[in-house]
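This is what each chain is made of:
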Amino acid sequence: MSPVAAPTATYRALTRAISPRIVECELTHLERLPIDVPNARAQHAAYARALVSLGCAVEEVEPAPDHPDSVFIEDTAVVLDEIAVITRPGAESRRGETAAVERVLAPLRPLAHIRAPGTLDGGDVFVVGKRVFAGRTGRTNDEGIAQLRAALAPHGYTVEAIDVTGCLHLKTAVTAVDDRTVLANPQWIDLRALAGVDVIEVDPAEPMGANIVRVGEALLYGASYPRTRARLEARGHRPVCVDASELAKAEGAVTCCSLVLRA
Ligand code: GLY
């Protein structure tokens, strides 16, 4: 694991190199398009630099070249201040991605694990204050959500399940902007499930625009969603934007490429 910034930062962001086999990645809702791997790597490097600019010490976890989707490290764990839950990814091809991430997280947090028959992808989980939302998707099942709930309850978190239709992960459809607000696409989730939370809706012309990385009060966002960005700015948010268009062809977005945790 190689640190990219001094370990005095407030946040750590764990990332993972793009596998040379990314062209064999899982695809659920997208047609397979050619991926320009050097361009994807350049975008990934710019993404890491943006995380550093937002106050993260970026640490690259040992690469997993035989796992095509391993750049999408978010799916391997749910990390809160009090605990890290090592997931059991819903795609069989991704189950081998968790071990190296677990080794990195073990000294940093007490660990819990999702066990069979539970499945859970980190991309199906987001947090607003002490409310944790978990998506029922092709990757995350009710047993996985129940195990997550049991792991987090002792730390004062509630876990609310949300049905997701039409996209891969819950965080494709909705992510947290701050401790009161989310960015959401109402085509893929029922907004009534978010009662009590302020919702900024994506521009209808930008359905993939609901995915944003939160680093404390700072935000990192894809450059492909200018109309939704304008909506965020109208609400006082000033996201730093990066081009993540090449990784989007692998059905990944900005949150997928890191695990951000308080250092
Ligand atoms: N290609 C991203 C995923 O299916 O997990």
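Higher on the page you've got the structure.
The text that follows walks through the structure, step by step, so that each part is easy to find.

### Here's the deal with the sheet that holds strand E9 (residues 158–163)
Inference 1: Read from one edge to the other, the open sheet built from three strands follows the order E7-E8-E9, with strand pairing classed as mixed. Every other strand in the sheet has two partners, leaving strand E7 (125–128) and E9 as the edge strands with one partner each. Taken over all neighbouring pairs, the strand axes of this sheet differ in orientation by 25° on average, direction set aside.
Inference 2: Looking at chain direction, E7 and strand E8 (residues 131–136) are connected through four bridges and run antiparallel. Bridge pairing links Phe 126 to Phe 133 in E8.
Inference 3: Relative to E8, helix H3 (residues 142–152) is tilted by about 165°, and along the sheet it contacts E7, E8 and E9.

### Quick word on the side chain of Asp 75
Inference 1: Relative to the assigned elements, Asp 75 resides in the loop between strand E3 (56–61) and strand E4 (77–79).
Inference 2: Overall, Asp 75 belongs to the buried group, its relative accessible area being 1%.
Inference 3: In this structure the side chain of Asp 75 is engaged in a polar contact, spanning 2.7 Å, whose partner is the side chain of Arg 94.
Inference 4: What Asp 75 contacts, discounting residues up to four positions off in sequence, is Thr 87, Pro 89, Arg 94, Leu 120, Asp 121, Gly 122, Gly 123 and His 169.

### Structural notes on the packing of aromatic side chains
Inference 1: Enumeration according to the criterion identifies two aromatic pairs in this entry.
Inference 2: Between Tyr 221 and Tyr 225 the ring centres are 5.7 Å apart and the planes differ by 45°, which places this aromatic pair in the tilted class.
Inference 3: We note Lys 130 situated over the ring of Tyr 157; from NZ or CZ to the ring centre the distance is 3.9 Å.

### Some details on the nonpolar core
Inference 1: The biggest cluster of nonpolar side chains holds 27 residues, and the ones touching the most others in it are Ile 22, Tyr 47, Leu 51 and Leu 220.
Inference 2: Of all the elements in the fold, those that place two or more residues in this core are strand E2 (11–16), helix H1 (37–53), E3 and strand E13 (212–215).
Inference 3: Beyond its immediate sequence surroundings of up to four residues, Ile 22 is in contact with Ile 35, Val 37, Pro 68, Val 71, Leu 247 and Ala 250.

### Observations concerning the environment of Asp 190
Inference 1: Structurally, Asp 190 can be placed in the loop between strand E11 (181–184) and strand E12 (198–201).
Inference 2: Put simply, Asp 190 and Cys 241 are 51 residues apart on the chain and 27 Å apart in space, counted from C-alpha to C-alpha.
Inference 3: A distance of 2.8 Å separates polar atoms of two side chains, one belonging to Asp 190 and the other to Arg 192.

Scoring rules and cut-offs
- Residues numbered from 1 in each chain as written.
- Predicted model: local features only at pLDDT ≥ 70, side-chain atom pairs only at ≥ 80, totals over all residues.
- Heavy atoms only, no water.
- Pairing = 2+ DSSP bridges.
- Helix = DSSP H or I, 4+ residues; strand = E, 2+ residues; numbered from the N terminus.
- Axes fitted to C-alpha atoms, helices over the stretch in contact; angles between N-to-C directions.
- Contact = heavy atoms within 4.5 Å.
- Buried < 20%, exposed > 50% of the residue type's maximum accessible area, 1.4 Å probe, protein only.
- Polar contact = N/O pair within 3.5 Å; in protein donor to acceptor, adjacent residues only side chain to side chain.
- Phe/Tyr/Trp six-rings, centres within 6.5 Å; stacked < 30°, edge-to-face > 60°.
- Lys NZ or Arg CZ within 6 Å of the ring centre and 35° of its normal.
- Core = buried A, V, L, I, M, F, W, Y, C linked by side-chain atoms within 4.5 Å.

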